[in-house]
Amino acid sequence: MAMRTVVRGGMVISVDPEVGDLPRGDVLIEDGRIAAVGASVDAAGAEVVDATGKIVMPGFVDTHRHTWQTAFRGVGADWTFDQYRVAVHGTLRPHYRPEDVYLGNLLGRIEALSSGVTTLLDWFHCSDRPENADAAIQALREAPGRSVFCYGAIGPDIAPEIKRVRAQLPDDGMALGLRGPQLSTIDETAADVALARELGLRVSVHVHGGTGRPSGRRPVADMCERGLLDDRTTFVHGNGLSDEQVAMLADAGCSVSISPDVELKMGIGWPETGRMLAAGIRPSFSIDDCPSAGGDMFATMRTALAVQRGLDIGHTPVHGGLTARDVVSFATVDGARACGLDARTGSITVGKDADLILLDAEDPSVFPVGNPLGTVVAAGHPGLVDSVFVAGEAVKRDGRLLGVDLPELRARLLESRERIAAAAGVPVDGSWVPEAR
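(A) View of the overall build of the protein chain. A tally of helices and strands in the protein chain yields 14 helices and 17 strands. Relative to the compact-globule value of 22 Å for 437 residues, the protein chain shows a C-alpha radius of gyration of 21 Å, a close match. Its C-alpha atoms give the protein chain principal-axis dimensions of about 60 × 55 × 45 Å. By the burial criterion, 59% of the 437 residues in the protein chain qualify as buried. Averaging the locations of the 42 positively and 59 negatively charged side chains of the protein chain gives two centres separated by 1 Å.

Here's what the structure looks like:
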């Protein structure tokens with residue numbers, strides 16, 4: 001018999017225009033997929049999850065996170081982008097062992113899941129040795145949740161390593177993180193894209209016009225001229241791109257992953273949410289790195305909405321004005337689309353996998369809830385995440401993660417952090433000010 005569960009009586013935010021929002025609704029799950037959604041669903045014999053006093057919505061999708069850096073959460077709160085590069089990649093990364101990568105990825109993925117991120121693209125660039133990549137993948141396999149391993153391999157010839165890892169992962173479980181036109185030549189970028197297309201991989205690439213951008217470069221235009229743009233390409237950040245290059249992204253069907261907190265705090269530039277919308281691009285959201293920013297999508301949505309609404313003051317925005325519904329879409333179904341997973345997740349739609357989160361609408365920080373969607377964006381936080389389901393399987397219930405030994409993992413991660421910091425000769429108390437180069 002089919003495994004059947006009904007999530008009954010919650011305030012449903014479906015992120016599906018045909019389903020809409022339900023002040024009180026039921027979601028029926030059969031064999032891990034959504035079988036029915038409605039104000040009242042006949043679910044005789046099904047296990048009942050009482051969602052009274054809960055907001056029911058799709059799990060969040062994070063389209064770009066450097067999960068391996070979890071052990072150094074918060075140490076870079078005051079860093080610029082150049083300081084981050086010096087600290088993380090120049091000072092800490094050389095001391096990472098596979099065990100350190102494993103623990104960072106495992107705890108980082110669990111933390112994301114606990115805050116409602118059911119799908120995460122792990123943009124992995126601690127790739128100094130193949131064993132690091134294997135450790136990162138192992139952690140993602142062990143952590144509950146849907147993960148895409150985006151491999152930012154390094155070296156003069158990445159093809160053998162990419163092919164080795166590709167053979168281990170499912171079709172929708174891997175992407176290629178391009179070294180990109182800002183960190184390599186356009187010929188190398190073309191070769192990387194050709195490799196990705198040969199292996200059926202989507203690609204993701206960092207591009208922005210902030211402190212890390214070499215003067216005079218036109219990265220999107222360079223890729224466009226070589227025929228390297230299509231709907232399998234995600235550009236991370238995109239701050240400061242010219243209107244011409246943004247139009248190239250739109251014409252090619254590319255997606256853009258915006259990390260508003262990191263982009264603002266590190267001086268990369270204003271988040272380009274409004275400009276992307278005006279060009280016809282539905283962006284997605286990402287955390288980027290936890291040394292500099294919190295790991296939850298609630299703060300990301302709130303920052304993006306507040307900043308864009310502020311930028312729009314004094315003129316009529318071409319995109320019509322960013323709304324709370326827009327940013328929830330960016331954090332769910334638009335993120336799923338950027339990962340090539342929108343047929344499987346991102347909305348409460350019949351036939352999709354049941355990737356759901358239940359938020360406590362009776363918590364004093366949000367009660368009383370009159371506008372569930374607005375409440376999620378304006379006042380949501382990880383403490384509201386009561387339950388999380390991935391493909392219909394409960395991985396968090398009543399505020400507690402299931403099957404995870406957090407005390408042991410926390411102890412191991414602390415040991416990892418202390419060893420790396422000691423080897424690098426740096427403190428972890430926030431007093432470290434890297435010298436930007």
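(B) Here's a closer look at the nonpolar core. Judged by nonpolar contacts, the single largest core of 110 residues is most densely connected at Phe149, Ile162 and Met301. If one sorts the elements of this core by residue count, helix 2 (residues 98-114) sits on top with eight residues. Leaving out residues up to four positions away in the same chain, Met301 has contacts with Phe60, Phe285, Val327, Val328, Ala331, Val376 and Val377. Counting residues in hydrophobic clusters, the runner-up holds 14 residues, among them Ala51, Ile348, Ala354 and Leu358.

(C) Local environment of the sheet that holds strand 6 (residues 60-65). Ordered by their spatial adjacency, eight strands build an open sheet running 6-7-8-9-10-11-12-13, and the pairing between neighbours is parallel. In this open sheet, the two edge strands, each paired with only one partner strand, are strand 6 and strand 13 (284-285). Both strand 6 and strand 7 (residues 117-124) contribute to a ladder of four bridges, which runs parallel. Its bridge partner lying in strand 7, Asp62 is registered against Leu120. Against the sheet, helix 2 touches strand 6, strand 7 and strand 8 (146-151), its axis set at about 150° to strand 7.

(D) Main features of the pairing of strand 14 (residues 356-360). Among the five residues in strand 14, four count as buried, and that is most of the element. In this structure, strand 5 (residues 54-58) lies alongside strand 14, joined through five bridges in antiparallel fashion. Along strand 14, the bridge assignment pairs Ile55 with Leu359. In terms of strand pairing, strand 14 meets strand 15 (residues 385-390) through four bridges, oriented antiparallel. Paired with Ile357 across the two strands is Val388, which belongs to strand 15.

(E) Examining unusual backbone geometry more closely. The amide bond that connects Phe367 to the next residue, Pro368, takes the cis arrangement and shows omega of 0°. Structurally, Pro368 can be placed in the loop between strand 14 and helix 13 (372-379). For Asp288, which is not glycine, the phi torsion reads 85° and is therefore positive. Among the structural elements, Asp288 can be located in the loop between strand 13 and helix 10 (297-311).

(F) Region of the structure containing helix 5 (residues 186-199). The end-to-end C-alpha separation of helix 5 is 20 Å, in line with the 20 Å expected for 14 residues at 1.5 Å each. What helix 5 keeps buried is the set Thr189, Ala190, Asp192, Val193, Leu195, Ala196 and Leu199. As for helix 5, its buried residues are in contact with helix 4 (159-166), strand 9 (174-177), strand 10 (202-207) and helix 6 (219-225). Phi for Gly200, located one or two positions after helix 5, is positive at around 70°.

(G) Structural context of the environment of Ser255. Position of Ser255 relative to the elements: it lies in strand 12 (residues 255-258). On the basis of relative accessible area, Ser255 is assigned to the buried category, the value being 9%. Residues Ser255 and Met266, eleven residues apart in the sequence, show an inter-C-alpha distance of 22 Å. In this structure, Ser255 is in contact with Thr233, Thr234, Phe235 and Ala338, ignoring residues within four places of it in sequence.

(H) Representation of the packing of aromatic side chains in the model. Per the counting criterion, the structure on display carries eight aromatic pairs. Measuring from centroid to centroid gives 5.2 Å for Phe60 and Phe298, while their planes differ by 85°, and the two rings are edge-to-face. In this pair, Phe60 sits in strand 6 while Phe298 sits in helix 10, placing the two residues 238 residues apart along the sequence. In terms of burial, Phe60 and Phe298 fall into one category: buried. Taken together, a centroid distance of 5.5 Å and an interplanar angle of 85° make the contact between Phe285 and Phe330 edge-to-face. Taken together, the positions of Phe285 in strand 13 and Phe330 in helix 11 (residues 324-330) put the pair 45 residues apart, joining distant regions of the chain.

(I) Just the pairing of strand 8, in detail. Among the six residues that make up strand 8, six are buried, leaving the element largely enclosed by the rest of the structure. Alternating residues of strand 8 divide into Arg146, Val148 and Cys150 and Ser147, Phe149 and Tyr151, and every residue in both groups is buried. What joins strand 7 to strand 8 is helix 3 (residues 130-142), and the crossover it makes is right-handed. With three bridges connecting them, strand 8 and strand 9 associate as parallel partners. Of the residues in strand 9, the one forming a bridge with Cys150 is Ala175. Handedness of the strand 8-helix 4-strand 9 crossover: right-handed.

(J) Spatial organisation of the side chain of His66. Counting through the fold element by element, His66 comes out in the loop between strand 6 and helix 1 (81-92). Residue class for His66 comes out buried when judged on its relative accessible area of 4%. In this structure the side chain of His66 is engaged in a polar contact, spanning 3.5 Å, whose partner is the side chain of His206. Discounting chain neighbours no more than four positions away, the residues touching His66 are Tyr84, Asp122, Trp123, His125, His206 and Asp288.

(K) Up close: a nonpolar patch on the surface. Residues Leu264, Trp270 and Leu311 make up a contiguous nonpolar surface patch of about 270 Å² in total accessible area. Following the sequence through the fold, Trp270 ends up in the loop between helix 8 (260-265) and helix 9 (273-278).

(L) Highlighting the packing of helix 2 against helix 3. Put simply, helix 2 and helix 3 touch, their axes get as near as 8 Å, and they point 30° apart. Taken together, the axes of helix 2 and helix 3 lie roughly parallel to each other. Pair helix 2 / helix 3 crosses with right-handed handedness. Across from Pro98, Val101, Tyr102, Asn105, Leu106 and Arg109 in helix 2, the residues of helix 3 making contact are Glu131, Asn132, Ala135, Ala136, Gln138, Ala139, Leu140 and Glu142. Grouping the amino acids of the contact of helix 2 with helix 3 by side-chain chemistry returns eight nonpolar, three polar and three charged.

Reading the values: the criteria
Sequence order as written defines the numbering, with residues in each chain counted from 1. Residues qualify for local features only when their pLDDT is at least 70, as the model is predicted, and side-chain atom pairs are given and counted only at 80 or more; totals for whole chains, interfaces and linings, by contrast, use all residues. As a rule here, side-chain values cover all heavy atoms of the structure and leave hydrogens and water aside. Going along the chain from the N terminus, every DSSP run of H or I of four or more residues is numbered as a helix, and every run of E of two or more is numbered as a strand. With the radius of gyration taken over C-alpha atoms, the globule rule is written as 2.2 Å times the number of residues to the power 0.38. Burial classes follow relative accessibility: with a 1.4 Å probe on protein chains only, a residue under 20% of its type's maximum area counts as buried, one over 50% as exposed, and anything between as partly exposed. Neither His nor the chain ends is counted toward charge; the positive residues are Lys and Arg and the negative residues Asp and Glu. For the purpose of locating charges, the reference atoms are NZ of Lys, CZ of Arg, CG of Asp and CD of Glu. The nonpolar core is taken to be a set of buried Ala, Val, Leu, Ile, Met, Phe, Trp, Tyr and Cys residues, with the residues joined through side-chain atoms within 4.5 Å. Should any heavy atoms of two residues lie within 4.5 Å, those residues are considered in contact. For two strands to pair, DSSP has to find at least two bridges joining them. Axes, fitted as lines to C-alpha atoms, cover a helix only where it is in contact. Angles between the N-to-C directions of the axes lie from 0 to 180 degrees. By this rule, a helix spans an expected 1.5 Å times one less than how many residues it contains. Paired rings are identified among Phe, Tyr and Trp, the last through its six-membered ring, by centres lying within 6.5 Å, and are further divided according to the angle between planes into stacked (under 30 degrees), edge-to-face (over 60) and tilted (the rest). A clockwise course of the path from the first strand over the helix to the second, judged with the strands pointing away from the viewer, identifies a crossover as right-handed. Throughout this description, a polar contact denotes any pair of N or O atoms lying within 3.5 Å of each other; where both atoms belong to protein, one of them has to be capable of donating a hydrogen while the other can accept it, and for residues adjacent in sequence the pair is counted only when both atoms sit in side chains. Exposure above 30% relative accessible area and no salt bridge define the residues that can form patches, which grow by joining like charges within 9 Å and nonpolar side chains of Val, Leu, Ile, Met, Phe, Trp and Tyr within 5 Å. Under the convention used here, a 1.4 Å probe and the Shrake-Rupley method define accessible areas, while residue burial counts only the protein chains that appear. A side-chain nitrogen of Lys or Arg and a carboxyl oxygen of Asp or Glu constitute a salt bridge if their distance falls within 4 Å. Angles below 35 degrees are treated as roughly parallel, those above 145 as roughly antiparallel, those between 65 and 115 as roughly perpendicular, and all remaining angles as oblique. A clockwise turn of the near helix away from the far one marks a right-handed crossing, whereas an anticlockwise turn of less than a right angle marks a left-handed crossing. Note that Gly is not counted as nonpolar here; it falls among the polar residues with everything else outside the nonpolar set of Ala, Val, Leu, Ile, Met, Phe, Trp, Tyr, Cys and Pro and the charged set of Asp, Glu, Lys and Arg.

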